[in-house]
Amino acid sequence: MKILVAVKRVIDYNVQIRVKEDGSGVHTDNVKMSTNPPDDNAVEESVKLKESGKVKEVVAISIGEDKAQETIRKALAVGADKGIHVKADNYIEPLGIAKILKKIVEKEKPDMVFLGKQAIDDDCNQTGQMLAAMLNWPQATFTSKVNLKEKSVEIVREIDEGLETIEVNLPAVVSCDLRLNEPRFASLPNIMKAKKKPMEQINAKDLGIDLNNRIQQIKVEEPPKRKAGIKVANVAELVSKLKNEAKVL
Amino acid sequence: MSVLLVAEHDNSKLKPFTLNAITAASKIDGDVHVLVAGANCENVTKEVASVPLVKKVLWCDSPNYQNYLPENLAPLVTKTAEKYDHVVASANTFGKNFMPRVAAALDISQVSDIIKVSSPDTFIRPIYAGNAFATVKSNDKKKCVTIRPTSFDPAEKTGGSAQVDKIEAVDVPNTSKFIKREETKSERPELGTARIVVSGGRGLESGENFKLITDIADKLNAAVGASRAAVDAGYISNDHQVGQTGKVVVPDLYIAVGISGAIQHLAGMKESKIIVAINKDGEAPIFSVADYGLEADLFKALPEFLAELNKLNTIQK
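Here is what the cut-offs are and how they apply
Residues numbered from 1 in each chain as written. Chains lettered and ligands numbered in written order. Predicted model: local features only at pLDDT ≥ 70, side-chain atom pairs only at ≥ 80, totals over all residues. Helix = DSSP H or I, 4+ residues; strand = E, 2+ residues; numbered from the N terminus. Buried ≥ 20, exposed ≤ 12 C-beta atoms within 10 Å, placed from the backbone. Contact = placed C-beta atoms within 7 Å. Pairing = 2+ DSSP bridges. Axes fitted to C-alpha atoms, helices over the stretch in contact; angles between N-to-C directions. Nonpolar A, V, L, I, M, F, W, Y, C, P; charged D, E, K, R; others polar. Core = buried A, V, L, I, M, F, W, Y, C linked by C-beta atoms within 7 Å. Domains from an automatic or database assignment. Parallel < 35°, antiparallel > 145°, perpendicular 65-115°, else oblique. Left-handed = near helix turned anticlockwise from the far one by under 90°. pLDDT = per-residue confidence, 0-100. Expected span 1.5 Å × (residues − 1).

Examining the overall build of chain A
Working step 1: The number of helices and strands found in chain A is six helices and 13 strands.
Working step 2: The principal-axis extent of the C-alpha atoms belonging to chain A is close to 65 × 45 × 40 Å.
Working step 3: When burial is assessed residue by residue, chain A has 48% of its 249 residues classed as buried.
Working step 4: Within chain A, contacts between residues separated by at least 24 positions form 70% of all contacts whose residues are at least 6 apart in sequence.

Laid out in structure tokens, this is it:
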């Protein structure tokens, strides 16, 4: 079996983002970037399935500017076999990303596509589901457990009410939750080895897809700030404030 | 032109967040039609029909829709959407699961998780874990929108009498199978709609110690929340997680105990009306959003807090 795993380069999850004063977006210059966290889980699970012998090949793909290659190299360093970089310099909406991934799926013919359930920058939570619909494949979203069988995969999903177990036929799209596994760190020798692994480069505009964005970003602004609060000295004062000042008890 | 809203329910009862989504839908267009797809879900159609903001109910009953498998549900929504300008649903694990499939089938760029309707084509949505608000305009002819339920008031439940039209089921691909759902049963209020939420983090140190949190929650008739760290550590189940990738809550009172306040947690609770933080680390980021901060050891503070609450006689039930 073969897995295509999609990774996105985003502002690191620990960075406190700053909104640009002109309302055009957020500052990205000199800001630490890293792999979208649940995409790390997607890579880890793909590599684990390869190590278990059930999967033969793991191909990592990222779509974006040249630096997206760093994100692919990181996936290669933890065990992916080959990288595909689809070069695109502008922001592409999930709909366009799903269309690009569909083209690559048609070429690579994987049995499963793994990816994070959501990117922590635009917080859209769409790409995996859109890709599955375009391919007419079933999907498993918010995956926290994977049991790969011969022609299907049994999945435990995190839903608002608790946990849900489903079984989807292969081929399928699997979107990964943060509790699926504990992503490993790449060792230095593996980072060196990853530099020699193959990386295919494709230009997004050569794929013959309409990638024009349909959603116009009018402005980006800071959310209203909370008024600074106070520190209370002890529990009695806290309860008194909640009762008499905030009137919530 | 009308807006089509997809109802969330368990085949016998409507899920409360659908009422919030109805309010949001009515701000896009007054002619709100609600699709109720399920198995033996007639009771749900009655519930929806009595919501005054709802103008029409579309009822599709088939065993294929019993468990809302997106492979089955999305084709029905896609077909029904033909006559509508907007398709909307709640931005929770229900709506997030199927709506992008509908959008892709219709070749529409979906607008996710809106917190405000500025006009029928312009919406405000949080990005970067709520650290920025983006105003976006959809230029697609038809629009697929998911709604953050806690940003809209629930619609009035009774007084309406919308017409209920039965519609035909559509073919399903038979590529997915529902096996089971493990729901956490609780006597406490639901996390998403509770007036008070008491949340615990890694500072609790164990699942047993969460009793300190649940004791207070029970006293206040509150829901129990948790940080991702506490869920990851196995102290409590995932359905309690508050944050960017968990649930977003907007209670009147949010009490964060032993939670440092990572950006991802703040994303799920910082719109709460009053925030209390109890943490022994005075520098913890949670204090930057707290109205009332108590720098203290939670293992001493929580029993004292419970004792003080027991002295009050004004707690609303």
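Looking at the environment of Lys48 of chain A
Working step 1: With respect to the element layout, Lys48 of chain A can be found in helix α1 (residues 37–51).
Working step 2: C-alpha separation for the pair Lys48 of chain A and Thr127 of chain A, spaced 79 residues apart in sequence, amounts to 23 Å.

A short note on unusual backbone geometry
Excluding glycine, a negative phi dihedral is what most residues carry, and trans is how most peptide bonds are arranged.
All names here are of chain A.
Working step 1: Following Leu170, the chain continues into Pro171 via a peptide bond in cis, with omega recorded as 0 degrees.
Working step 2: Mapped onto the elements of the fold, Pro171 is located in the loop between β9 (162–169) and β10 (172–176).
Working step 3: With a phi close to 55 degrees, Asn30 is a non-glycine residue in the positive phi region.
Working step 4: Of note, Asn30 is situated in the loop between β2 (9–11) and β3 (33–35).
Working step 5: Assessed through the 5 C-beta atoms surrounding it within 10 Å, Asn30 is described here as exposed.

Some remarks on the sheet that holds strand β3 (residues 54–61) of chain B
All names here are of chain B.
Working step 1: Ordered by their spatial adjacency, seven strands build an open sheet running β5-β9-β4-β1-β2-β3-β10, and the pairing between neighbours is parallel. For this open sheet the edge positions go to β5 (111–114) and β10 (163–166), each flanked by a neighbour on one side alone. Within this sheet the neighbouring strands show an average axis-to-axis angle of 25 degrees, counted without direction.
Working step 2: Both strand β1 (residues 3–6) and strand β4 (residues 86–90) contribute to a ladder of three bridges, which runs parallel. Counterpart to Leu4 in the pairing with β4 is Val87.
Working step 3: The sheet contacts of helix α3 (residues 70–80) involve β1, β2 (32–38), β3 and β4, and relative to β2 the element is tilted by about 150 degrees.

Concerning the interface of chain B and chain A
Working step 1: Between chain B and chain A, the residue contacts involve 73 residues of the former and 66 residues of the latter.
Working step 2: Split into classes, the residues belonging to the side of chain B that touches chain A amount to 31 nonpolar, 22 polar and 20 charged.
Working step 3: Here strand β12 (residues 215–221) of chain A runs beside strand β8 (residues 132–138) of chain B; their pairing, made up of six bridges, is antiparallel. Following the sheet pairing, Gln217 of chain A is matched in β8 of chain B by Val136 of chain B.

Notes on the environment of Arg228 of chain B
All names here are of chain B.
Working step 1: The residue Arg228 is located in helix α6 (residues 228–232) in this model.
Working step 2: Using a count of 23 C-beta atoms within 10 Å as the deciding quantity, one classes Arg228 as buried.
Working step 3: As a C-alpha pair, Arg228 and Arg202 span 26 residues in sequence and 8.7 Å in three-dimensional space.
Working step 4: Discounting chain neighbours no more than four positions away, the residues touching Arg228 are Gln241, Gly243, Gly246, Gln264 and His265.

Some words on the nonpolar core
Working step 1: In terms of nonpolar packing, the biggest core is built from 182 residues, with Val5 and Ala60 of chain A together with Leu5 and Val198 of chain B touching the most fellow members.
Working step 2: Per-element accounting of this core gives the leading share, seven residues, to helix α1 (residues 17–28) of chain B.
Working step 3: Each of domain 1 (3–166) and domain 2 (196–311) of chain B contributes no fewer than three residues to this core.
Working step 4: Every residue in contact with Val5 of chain A, bar those within four places of it in the chain, is listed here: Ala42, Val43, Ser46, Val58, Ala60, Ala75, Ala80, Phe114 and Leu115 of chain A.

What about the domain arrangement of chain B?
Residues and elements named next belong to chain B.
Working step 1: Per the domain assignment, the segments making up chain B are domain 1 (3–166) and domain 2 (196–311).
Working step 2: When each unit is reduced to the centre of its C-alpha atoms, the spacing between domain 1 and domain 2 is 31 Å.
Working step 3: Between domain 1 and domain 2, the contact holds five residues from the first and eight residues from the second.

Let's talk about the pairing of strand β13 (residues 223–226) of chain B
All names here are of chain B.
Working step 1: Along β13, one buried face is formed by Ala223 and Gly225 and the opposite face, lined by Val224 and Ala226, is buried too.
Working step 2: As paired strands, strand β12 (residues 196–200) and β13 are joined by four bridges and run parallel to one another. Bridge pairing links Val197 to Ala223 in β13.

Some details on the packing of α3 of chain B against helix α4 (residues 93–105) of chain B
Residue and element names in this part refer to chain B.
Working step 1: At their nearest, the axes of α3 and α4 sit 9 Å apart, and the two run at 50 degrees to each other. Comparing the axis directions of α3 and α4 gives the class oblique. Regarding α3 and α4, the two cross each other, and that crossing is right-handed. Facing α3, whose interface residues are Pro70, Leu73, Ala74, Val77 and Thr78, α4 presents Asn97, Phe98, Arg101, Val102 and Ala105.
Working step 2: Split by residue class, the contact of α3 with α4 holds seven nonpolar, two polar and one charged.

As for the confidence of the model for chain B
Working step 1: When the pLDDT values of chain B are averaged, the result is 96; 99% of them are 70 or greater.
Working step 2: Here the predicted complex carries an ipTM of 0.96, next to a pTM of 0.96.

A closer look at α1 of chain B
All names here are of chain B.
Working step 1: For α1, with twelve residues, the first-to-last C-alpha span of 17 Å sits near the 16 Å given by 1.5 Å per residue.
Working step 2: Counting buried residues in α1 gives eleven out of twelve residues, a clear majority hidden from the surface.
Working step 3: What α1 keeps buried is the set Phe17, Thr18, Leu19, Asn20, Ala21, Ile22, Thr23, Ala24, Ala25, Ser26 and Ile28.
Working step 4: Against β1, β2, β3, β4, β6 (116–119) and β9 (143–147) lie the buried residues of α1.

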